Structures are given as structure tokens and as C-alpha cells.
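Structural overview
The lines below spell out each chain.
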Amino acid sequence: MAPQRAVQLSLKKPTYAVCVVGIETYLDVHSDVPKGAETFRVSGSSGVEVFTVYNTAQVTEPIDKAHWPLDAGVDVIISVDAASKALNDLKVNVSYFGQQKNSALGHSVLYLTGADISLDVDTGRTGKVKRSQGDKKTWRWGPEGYGAVLLVNCDRDSLKSRGIDLANTQLTSLDDLQDMAPMVLSCDGPDELFDSHKLVLNVPLSDSRRVGVFCARGGNSLSDYKQVLGPWHLSYEVERHPGERKISFYVEGLTFPDAHFLGLVSLSVSLVDTKTLPEVPHFTDTVTFRMAPWIMTPNTQSPLELYVCSVVDSHGSNEKFLKDMSDLASKANCKLIVCPWIENRNDRWIQDEMEFGYIEAPHKSFPVVFDSPRNRNLKYFPYKSILGPDFGYVTREIPFAGVSGLDSFGNLDVSPPVTVEGKEYPLGRILFGSSFPKSGGQQMAKVVRDFLKAQQVQAPVELYSDWLYVGHVDEFLSFVPTSDQKGFRLLLASPSACLELFQEKKEEGYGEAAQFDGLKRQAKRSINEMLEDRRLRNDNLHVQKCIDWNREVLKRELGLTERDIVDIPQLFFLKDSYAEAFFPDMVNMVVLGKYLGIPKPFGPIINGSCCLEEKVRSLLEPLGLYCIFIDDYLSYHKLLGEIHCGTNVRRKPFPFKWWHMVP
């Protein structure tokens, strides 16, 4: 450990100094020495450790360790191992000698007061604060890493509060303390020491708007906790009571990592000598936190809650759809939450409005809803109805340019954990769609992309989705959990697979079997007609090329092989050069564990069964999945969406701890 402070001795009068426990102090034995002195001897009272530092090539250690040469670069370092009981109760003596070793030419005396000052947080990531003598300034990733974790205090623990907890400078609920990281200031020493010294807690200006600190003064009332550091308070003179050895603080995060914030914040405490002008800090201890990132959960994580909207339109209510969702949720042992009409105002696209994720520290984890900048009729639902005790909220608003369809969160997905060329992504990788690279077309808003990238733990992959009329990645891909070693499959919509299936059925003699059979107010199309429709075929050749381009990106960026991909038969048609699903898009499904809520495709009926449904069952059920086909035709498909667009799922967090990874 490098010396922290130098103390110069005097032959004329005693010197007084404060020595912090565990901190080495350099003792200047060379500046004031008697004339003719050649050697020196140094000793310390009980509780003081004295040791010498020298170059062994130049200095031979004295036999009795009593007479060290003054001209050979021998340095003296002292430290104390405990706080003093009284002021100046520790002592160091230095005697100087000439050629006569038995008669000292002069003496210097140093009186020390030991102070135990330390700022400690959960650097070991155990969920509890432990005293640390190691490096508290540095934050390290990985299973052998260290450094404290800070949660963004983005929930609302008090139902009486109007806003998010982080906006409050006063505590509104004692439960809110559980969302904060504990921090302990050790401040042991004689009370008289603190008559001439003070402890000052500091936050750098750059971090002050990103972190808040509350001081705990005992008791169980809200008034016993006050905010001492934050956007309006850069320093705080600690109020130490007589005899007090430890003071507790609670630290809250105020903002997530983003484009101009890497996620690291620091706090420090200084022991300041008030007798000098200007006041001089004797010692400073600094701790560093990393803000916990917002983490998305993929379809492979178990479902906890299924959200869906109750709406009424020209076709009536979606009551039957809600019943189907209730049955599906019951099979998956998942809670169903229905957003009533009064809160959604007929905006049924709840997947587009928000995305569920979570934040986690060693001591606490809670879900956080990410509210999209889409801001249609569901705009207030995440903030008013989901934000609450231990349920956080975050959003990003687009400051200038208008919102595009790519900013809806049907255009946001995340893969299961993958390994790509030896690099592990234990929390998966985020996926979102944009225009074709370098085409200058639409992109997801920069504020959203910056936010996703800045979380670091789910490195985003940009796909090409702007070929779709709505433009969302959930229109051509999905992930499903499987019971085999791989653990998941990527499902891709496949016009080629659909045309191949129809050709096969035609050759089997079922060419007159019709698509949309049984649907009212929808023209039937026989297999023969669809196969002979040159425009439909050309449209799907174009769509297949777009999907194949994404297929290669996904294989490369997620480390997938063809065995990891399942092609789901699906046709599209072009409208103003953009693709829409020709029949309900089966990839746009809701995944609740092994139960899949799939849009009913109303495919050709052959031997009493829909050939499209039978094909999908044959592909997925051997993987341990259950395919449940649900009619969403009028309430969703005809409005350019499907089941996934009209539902949202909160899932269990990953068991893997994000701080164990190396981004």
C-alpha cells in the first residue's frame, strides 16, 4: 500500500498527527536532524507499527535494527491498528546518533491519535456490507470481480406518492430503503478528535444527478432519514454524535446507464482538519458503484403474468379472445391481467406500448416496465397502472423527430442465452428492426437504441424489418423453449415452406381445398389458385429474400446453425411495396412456457384438419411444446396485428447474475 501522507518531525518540539487505521504514513526523519548525526533509531509505543523501507543492495540491516544510516535512503513508515482511546495516546520516538552510538545527539517525538475511518459498501456482492481493506475505487466484472451494485430507485413504494421514488428528496416509505444500497461509515476515535476535525461526504459534480444518499439516524419514522447528497447537494458534513462509531447511509440510483453515462458513480468521505486554513483533508476513502442495467427476458423464461386489453370495436368486444387467453394462462399457471377499456381507450396493442424487464442487485431485484415512446391510447397505462411498490418504470422520449412504427416494442425482442464463437451472452442478445443497412431508411429512435446498448449485458443486434408494412421483428421471428439440450429454437416465418406444403397437398389431390374456409366475409382461395397466382408467388419470393437476409444475420450474431431454426409456413402479400401477412401470422404467437398461443391460420381443411395447423404441430410438438390455435382474425389480424402484438408477458428473471459476465 502506498503511503498516504507525510509527517515532518522537529527536534525543537513534539509533533502531533492523526493516523487512520490501516493507512500507512510516511515519517520524515531527514528534514530536521542534529549536526553530525549519521544514524537514527526509531521506536513506537504499543499499537503503533514501525517499519523501514530501503534498497537491500545499498543498505545492510543493522544487527540490532537500532542504528539506521541517514544517508542511504532509508524511509520510515508507520501505521496504527486500532482507534485511540484518548487524544495523542500513541507515541513514536526518533533518536539521532553521531559516531558515538551510545549517546544521542537529539530526539524527535511524534504523538499520534488513531482514527478508524472507512467508507464501506457491498463490494463483495454478497448482499451485506462488510469492512473492506481492498480496492474500493475500482469496479470489476466477472465471477471473481468486485464492486458494489446500485439499483435505480424507479418504483413507487408509497401509494400516497404521485411520482417515482427517485424524484423524492424525502423518504415516503420505509420500504423504499430496501431498494437502496446500504453504506456504512466507520468513524471511531476519541470524541475530542472531532472537535478539531470533521468528516465530509462528497459526490463528484458529474455524478450528483445520478445518485442520491440518505442518512439514517436511528428510529423507525420517515423523519429519521434525510437526503444528504444528490443533485442539489454535492457535500455533507457528517453529524457524528459523541461515542458514535458507525453511521448508516442508504444510496439510490437516479438514472440508468445511457449514451453519455457508462453506469459508474463514486462517493467519498474525507477526514478534514479544521484548524488549518484552508482546511486540509488528512484522508479520503472512495467507493464506486455500478448502476444495475435494465434486463429483458426472453420467451424461454417462465411466464408470471399475461397482459391483454379488453376492447370493443365494429365487430363487437374481444370477449372470446379474452376467454381464450384466460384458458391459455390457466394451462401455463400464469396470472392473467386484463387492461380495461377505460385505461386502453380501444388501443389493443399492448406489446407495442411496453416491454417488461428487471433490475437486480445482490440484495434486491424487482421488475421494471420500459414504456415505449409510441404514446398512443395506452400511453398512461404503464405509469398509472403498473408502476407501484417493487415494480419500476423507465421510458425514453423522442425529443424532436416524430415517432415511427419502428419505435413500438413489437419491434423489440431478445434471444435466449447464446454463445458466439466462444463469447458467451448468458443473458441473450437484444434484437430490433430497422431499414436495410446503408439505405437511409427508418430506424428505431436513437434514444431507445442508445439506452439498449448502454445496458451492456445484452449486446443488441440490428435486423432488417422495414420491408414489412408495420415493420416489427415479431412479424417474422419468435423464440420457443425446448426440452432438449439446446433449450430453444428460433422460429422464422417461411413463405417457401408454405408454398412447398401447398404444392405437396396439391400433388396429393387436395388442390381444391381452400384457405379461409369457414370464415365469413372473406373470399376463399383454393390451393390451386394460390399456387397459380403469379403475383402472390412473386410477393413471397421477395419476402423470403428479406427473411433469408435476417436468417444469416441471426445465425452469425447468435451463433446458430440450421438445426436451431424451425421454418413456420406463412404467406405474405405486398401493399405499396411493403409486406402484410396473407393469413394470420403464426410466428406472431404468445409463448407461455411449453404452451403456445398461435394465431389460427384458417388454412385448407384436409381430412377434417387444417393442413397448416397440422404442419406446425408436427414441427413443434416433438420439441415438447403444445400448440393452441386461437382465432384472432377479426379483432387483431384484420387490424394488422396478431396475438403477440395484442398481449404482453412478464417473466421470471434469469438465475444468472449479470455482474458475473464480462461484456
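As annotated in an unreviewed UniProt entry, the protein chain carries the name Protein-arginine deiminase and comes from Balaenoptera musculus. UniProt lists a comment for the protein chain under the heading Subcellular location (unreviewed entry), and it reads "Cytoplasm". What the UniProt record of the protein chain gives under Function (unreviewed entry) is the line "Catalyzes the deimination of arginine residues of proteins."

With that out of the way, let us pick up the nonpolar core. In summary, soluble globular proteins display a tendency toward joint burial of nonpolar side chains. Within the largest apolar cluster, 87 residues are counted, with the highest numbers of intra-cluster contacts made by Ile117 and Phe249. For this core, the element with the highest residue contribution is strand β24 (residues 354-361), accounting for five residues. Discounting chain neighbours no more than four positions away, the residues touching Phe249 are Ala181, Pro182, Met183, Leu185, Leu201, Val213, Phe214, Cys215, Val228, Tyr236 and Val238. Formed by 64 residues, the second largest nonpolar core is a distinct cluster that contains Leu477, Met530, Leu558 and Val591.

Here we come to the pairing of strand β16 (residues 246-253). In summary, the side chains of a regular strand alternate between the two faces of the sheet. Both strand β11 (residues 181-188) and β16 contribute to a ladder of six bridges, which runs antiparallel. What sits directly across from Ser186, in β16, is Lys246. Here strand β13 (residues 211-216) pairs with β16 via six bridges, running antiparallel. From the neighbouring strand, Cys215 faces β16, where its bridge partner is Phe249.

Turning to the UniProt feature "active site" (unreviewed entry) in the protein chain, a few remarks are in order. This chain's UniProt record puts "active site" (unreviewed entry) on Asp352, His472, Asp474 and Cys645. The greatest C-alpha distance among the annotated residues, which extend across 294 residues, is 10.3 Å, indicating that they converge on a single site. Tracing the backbone through its elements, the reader meets His472 in the loop between β31 (461-464) and β32 (477-481). Under the relative-accessibility criterion, His472 is labelled buried at 2%. Ignoring any residue separated from it by four or fewer positions in sequence, one finds His472 in contact with Asp352, Gly405, Ser408, Gly410, Asn411 and Ser465. In this structure the side chain of His472 is engaged in a polar contact, spanning 2.7 Å, whose partner is the backbone oxygen of Gly405. Note that Asp474 resides in the loop between β31 and β32. Under the relative-accessibility criterion, Asp474 is labelled buried at 2%. Contacts of Asp474, omitting those with residues within four sequence positions, involve Gln351, Gly410, Val587, Asn588, His644 and Cys645.

Across a sheet, strands are paired by hydrogen bonds formed along the backbone, either parallel or antiparallel in direction. In space, the four strands of this open sheet follow the order β1-β3-β7-β5, with mixed pairing throughout. Since the sheet does not close on itself, it has two edges, and those belong to β1 (5-8) and β5 (48-53), each with one partner. Averaged over neighbouring strand pairs, the angle between their axes works out to 30° when direction is ignored. Where strand β3 (residues 25-28) and strand β7 (residues 75-80) come together, three bridges link them in antiparallel fashion.

A few words now on the sheet that holds strand β44 (residues 647-651). The strand order across the open sheet formed by three strands is β23-β20-β44, and the pairing between neighbours is mixed. Edge positions in the sheet fall to β23 (335-339) and β44, since each has one partner strand and no second. Taking the axes of each pair of neighbouring strands and ignoring which way they run, one obtains an average angle of 20° across the sheet. Sheet analysis places strand β20 (residues 303-309) next to β44, joined by five bridges and oriented antiparallel. Opposite Tyr307, over in β44, you have Asn648 as the bridge partner. Where helix α2 (residues 319-331) meets the sheet, its contacts fall on β20, β23 and β44, and the angle it forms with β20 comes to roughly 180°.

Let's shift gears to the side chain of Glu475. Structurally, Glu475 is set in the loop between β31 and β32. The side chain of Glu475 sits in the buried core without any salt bridge; Arg376 is the nearest counter-charge, 11 Å away. Engagement of the side chain of Glu475 in a polar contact is seen with the backbone nitrogen of Gly471, the distance being 3.1 Å. For Glu475, the side chain forms a polar contact with the main-chain nitrogen of His472, separated by 2.8 Å. If we skip the residues at most four places from it in the chain, Glu475 touches Leu468, Val470, Ala493, Phe572, Asp585 and Asn588.

Glancing now at the pattern of salt bridges. Within the structure shown, the criterion is met by 37 salt bridges. Close ionic contact of Lys136 with Asp285 constitutes a salt bridge, the shortest N to O distance being 2.6 Å. Note that Lys136 is positioned in the loop between β9 (104-120) and β10 (148-150) and Asp285 in strand β18 (residues 280-291), a separation of 149 residues in sequence. Lys136 sits in the buried class, given a relative accessible area of 6%. The exposure class assigned to Asp285 is buried, which follows from its relative accessible area of 11%. One salt bridge connects Lys275 with Asp273, and the closest N-O pair in it is separated by 3.2 Å. Take Asp273: its relative accessible area is 8%, and that puts it in the buried class. One network of salt bridges, in which partners are shared, links Asp116, Asp120, Arg131, Lys136 and Asp285.

The next point concerns unusual backbone geometry. Residues other than glycine predominantly adopt negative phi, and peptide bonds predominantly adopt the trans conformation. Put simply, Leu277 and Pro278 share a cis peptide bond, and its omega is -5°. Along the chain, the position of Pro278 falls in the loop between β17 (264-273) and β18. Even without being glycine, Asn333 reaches a positive phi, approximately 55°. With respect to the helices and strands, Asn333 occurs in the loop between α2 and β23. According to the relative accessible area criterion, Asn333 is exposed, its value standing at 70%. Look at Asp576: it is not a glycine, yet its phi comes out positive at around 55°. For Asp576, the location among the structural elements is in the loop between β37 (572-575) and β38 (578-581).

Right, let's talk about the packing of helix α7 (residues 495-507) against helix α10 (residues 611-620) for a bit. Helix packing for two helices is described by the angle between their axes and how far apart those axes are. Across the interface, α7 lies against α10 with an axial gap of 11 Å and an inter-helix angle of 115°. The crossing of α7 and α10 is right-handed. Counting all contacts with α7, which are made through Cys498, Leu501, Phe502 and Lys505, the residues of α10 involved are Cys611, Leu612 and Lys615.

Turning to the packing of aromatic side chains, a few remarks are in order. Scanning the model with the defined rule gives 28 aromatic pairs in all. With centroids separated by 5.2 Å and ring planes inclined at 80°, the aromatic side chains of Trp139 and Trp141 adopt a geometry described as edge-to-face. Comparing Trp139 with Trp141 shows no difference in burial state: the two are buried. Ring geometry for Trp294 against Phe451: centres 6.2 Å apart, planes inclined by 45°, an arrangement best described as tilted. Pair noted here: Trp294 is in the loop between β18 and β19 (295-296) and Phe451 is in helix α6 (residues 446-454), with a separation of 157 residues, a long-range link. Classification of Trp294 as buried rests on a relative accessible area of 1%. Given the relative accessible area of 0%, Phe451 is considered buried. Put simply, the rings of Phe256, Trp294, Phe370, Phe409 and Phe451 pair up and form one aromatic cluster.

Each value, and the rule that gives it
Residues numbered from 1 in each chain as written. Predicted model: local features only at pLDDT ≥ 70, side-chain atom pairs only at ≥ 80, totals over all residues. Heavy atoms only, no water. UniProt positions renumbered as here; feature names shortened; annotations may be inferred. Core = buried A, V, L, I, M, F, W, Y, C linked by side-chain atoms within 4.5 Å. Buried < 20%, exposed > 50% of the residue type's maximum accessible area, 1.4 Å probe, protein only. Helix = DSSP H or I, 4+ residues; strand = E, 2+ residues; numbered from the N terminus. Contact = heavy atoms within 4.5 Å. Pairing = 2+ DSSP bridges. Polar contact = N/O pair within 3.5 Å; in protein donor to acceptor, adjacent residues only side chain to side chain. Axes fitted to C-alpha atoms, helices over the stretch in contact; angles between N-to-C directions. Lys, Arg positive; Asp, Glu negative; His and termini not counted. Salt bridge = Lys/Arg side-chain N within 4 Å of Asp/Glu carboxyl O. Left-handed = near helix turned anticlockwise from the far one by under 90°. Phe/Tyr/Trp six-rings, centres within 6.5 Å; stacked < 30°, edge-to-face > 60°.

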